[in-house]
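One letter stands for each residue in the lines below.
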Amino acid sequence: MGFARACSVALVGVEGVVVEVQADLEPGVAAFTLVGLPDKSLVESRDRVRAAVVNSGAEWPQKKLTVGLSPASVPKSGSGFDLAVACAALGAAGRIAPAAIADVVMIGELGLDGRVRPVRGVLPAVLAAAEAGYEQVVVPEQSAGEAALVPGVSVLGVRSLRQLIAVLCDEPVPDEPVGGQGRFDAGSAGLTLPGTGVGAGFAAYGDAHWPDLADVAGQPRPRQALEVAAAGGHHLLFTGPPGAGKTMLAERLSAVLPPLTRRESLEVTAVHSVAGILQPGEPLVSRAPYCAPHHSATMQSLIGGGNGIPRPGAVSLAHRGVLFLDEAPEFSGKALDALRQPLESGHVVVARAAGVVRLPARFLMVLAANPCPCGRHTLTGAGCECPPSVVRRYQARLSGPLLDRVDLRVEVEPVDRADLLGRGGRGEPTAVVAARVRDARARAAGRLAATPWTTNSEVPGHELRTRLPAAPGALAAAERDLERGALTARGLDRVLRVAWTVADLRGADRPDASDVAVALELRTGVQRGVPLGAGQG
């Protein structure tokens, strides 16, 4: 009778639970039993592990083998347990010393020939192992860079089970050829899922190909709104006819945002690792992500869901970045209204029969909408034939509670001939605007250093009204709009947040009446005679 144990990690959403893989050998008819709430892909590991062990030159024990995954109450899924199951079985058979694998976390899928293939979710799995106190982790060689992002953990990257056995037994380590004959095979590597990437609405531009804000012709007010949104983390709505530049502006917002901090990079990388959209050769996401799902997306694809344990949706893929909903009125009402919770809380809780998962979802939302189904309602002499009732019904698809959470609402006018042909001069490039945004965010972070918030959009209204007051008399216009019903209580708080951002952009200590006027105009769309150029003074 032999017994051995190794460790692996089960992912529940983007959080990991360390699982003890126990192997027990008893006399009897040769059989392989796997218990502990495994899913279909994990049950199939019995055949993968047996073939991998034999093809690695080790002898498969001809006894009754029982492998238990503890805690048994946690659902386990995926092929990342293969390496731990194989080592636990070999430890029980005496090929590997059980003490050598007792406190080692192993993550990886086994091919039938013994090769170790990468799996998704290595970073959150190693983070969970480190939090549980484990110091040694074995991962596939392709995932070693991702696992090494976690401090305080010794990472061993292996190409095959044969190599791992040699390392654990202090034997000469065989040299394994690189798989794929020099080609990167994303499908077999398991790092990416088919259909993810730019074509699925997720942009991953290189530094040399990131769209520049100088490419946008004209549009001074929308550009100002874009800068304010980036500086304070405020949600934004662009309305206007087709071809005015709404999508071009939204695509350039991600590059205006500051680079991610180390903690934010780990958060974003963990989500993208679980979702299978990490770019090859880039284990750490350092720039704000940009996600633009199609308007036919379901509520589950936006919020998160799927069979079994819920998977991250678009709101989680856009965590710490930009979620762009083009043709926003064409999205289903249920999908749009489901955004209201993550817009307020910064996370989403998805409840399914297999469990409840909390996913991060602190994103900057940009909506783009046409004024009517044909898009020509606001154009003079353009021949819009939409009846007033159709226009009202189309605009009402964006519900009041959702729009109340949008700080900036800007109408994008058609570009005139002078701007389109470049006679009016090129606008500011992304680098110039991004520098002002970084300075404004630094001022906000310094002011909020003793609080749990970092941007103006996160500060609760009570704190704004009590601990961070505006200049005397600055809120007079906003208070009048509140009394007339043009602003809600939430709307007043959001106007004050935007006013603080405008003040940060121009380097002021606190917002005055002109900053509040800019915030009111950007929220209500009503012209209040304030000049352009917020933050450039």
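Residues numbered from 1 in each chain as written. Predicted model: local features only at pLDDT ≥ 70, side-chain atom pairs only at ≥ 80, totals over all residues. Heavy atoms only, no water.

J.: Sorry, what's going on with helix α24 (residues 513-524) here?
T.: Residue pairs three or four apart in sequence face the same way in an α-helix, which turns once every 3.6 residues. Between its terminal C-alpha atoms α24 stretches 16 Å, which fits the 16 Å expected from 12 residues at 1.5 Å a residue. Counting buried residues along α24, 9 of its 12 residues qualify, which places the element largely inside the surrounding structure. Buried within α24 we find Asp515, Val516, Ala517, Val518, Ala519, Leu520, Glu521, Leu522 and Arg523. Check the buried side of α24 and you find it contacts α9 (220-232), α18 (400-403), β19 (408-411), α22 (476-484) and α23 (489-505). Taken from the residues just after α24, Gly525 is the one with a positive phi, measuring 80°. (Helix = DSSP H or I, 4+ residues; strand = E, 2+ residues; numbered from the N terminus. Expected span 1.5 Å × (residues − 1). Buried < 20%, exposed > 50% of the residue type's maximum accessible area, 1.4 Å probe, protein only. Contact = heavy atoms within 4.5 Å.)

J.: Would you take a moment to explain the confidence of the model for the protein chain for this structure?
T.: Parts of the prediction with low pLDDT should not have their coordinates interpreted in detail. Of the residues in the protein chain, 91% have a pLDDT of 70 or more, and the chain-wide mean is 87. Segment residues 180-184 is flagged for pLDDT under 50; beyond a separation of four residues in sequence, or across chains, it makes 3 contacts in the model. A low-confidence stretch, residues 186-190 (pLDDT under 50), is modelled with 10 contacts involving residues beyond four sequence positions or located in other chains. (pLDDT = per-residue confidence, 0-100.)

J.: I would appreciate a short explanation of unusual backbone geometry in the present structure.
T.: A cis amide bond, omega 5°, links Ser70 with the succeeding residue Pro71. Inspection of the secondary structure assignment puts Pro71 in the loop between β4 (64-70) and α3 (82-93). The phi dihedral of Gln219 falls on the positive side, at around 55°, and the residue is not glycine. Here Gln219 lies in the loop between β10 (202-203) and α9.

J.: Help me understand helix α7 (residues 161-168) in this model?
T.: Among the 8 residues that make up α7, 6 are buried, leaving the element largely enclosed by the rest of the structure. The complete set of buried residues in α7 reads Leu161, Gln163, Leu164, Ile165, Ala166 and Leu168. Positioned one or two residues after α7, Asp170 has a phi angle of 55°, which is positive.

J.: Explain the side chain of Asn456 here, please?
T.: Note on placement: Asn456 falls in the loop between α20 (430-447) and α21 (461-466). Accessibility expressed as a relative area gives 4% for Asn456, which makes it buried. Side-chain polar atoms of Asn456 contact the side chain of Asp504, separated by 3.1 Å. Apart from the residues lying within four places of it in its own chain, the contact partners of Asn456 are Gly232, His234, Ala444, Arg447, Arg497, Trp500, Thr501 and Asp504. (Polar contact = N/O pair within 3.5 Å; in protein donor to acceptor, adjacent residues only side chain to side chain.)

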